[in-house]
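# A look at the structure
These are the residues of each chain, in order.
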Amino acid sequence: MHRLLDRIRTGLDEWLNSSTPAVRLCFGIVGLLVTAMAADLLLWCVESLVGILVGR
């Protein structure tokens, strides 16, 4: 499984390196949005758990 993920990552890196700057910019923006959504979801989970533990 780890080898497969490594192959996919290498393939994506090669494809992005050969693509145009506009495509790389779009992927960068999408990556930032996904990271922000994941962080927001994690923060929401922590707040919910704290709320349950505190009893609010």
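Residues numbered from 1 in each chain as written. Predicted model: local features only at pLDDT ≥ 70, side-chain atom pairs only at ≥ 80, totals over all residues. Heavy atoms only, no water.

## What about the overall build of the chain?
Secondary structure assignment for the chain yields 2 helices and 0 strands. Seen through its principal axes, the chain has C-alpha atoms that stretch 55 × 30 × 5 Å. When the accessible surface of the chain is summed, it comes to about 5300 Å², and 71% of that surface belongs to carbon and sulfur atoms. Taking the average location of the 5 positive side-chain charges in the chain and that of its 5 negative ones, the two points are 5 Å from each other. (Helix = DSSP H or I, 4+ residues; strand = E, 2+ residues; numbered from the N terminus. Areas by Shrake-Rupley, 256 points an atom, 1.4 Å probe, with all protein chains shown as cover. Lys, Arg positive; Asp, Glu negative; His and termini not counted. Charge placed at Lys NZ, Arg CZ, Asp CG, Glu CD.)

## Considering a nonpolar patch on the surface
Together, Met1, Leu4, Leu5, Ile8, Leu12, Trp15 and Phe27 give the surface a local cluster of nonpolar side chains, amounting to about 750 Å² of exposed area. At 5 residues, the largest contribution of residues to the nonpolar patch is made by helix H1 (residues 2-18). Along the polypeptide, Leu12 turns up in helix H1. The partly exposed category is assigned to Leu12, whose relative accessible area is 46%. (Patch = residues over 30% accessible without salt bridge, like charges linked within 9 Å, V, L, I, M, F, W, Y side chains within 5 Å. Salt bridge = Lys/Arg side-chain N within 4 Å of Asp/Glu carboxyl O. Buried < 20%, exposed > 50% of the residue type's maximum accessible area, 1.4 Å probe, protein only.)

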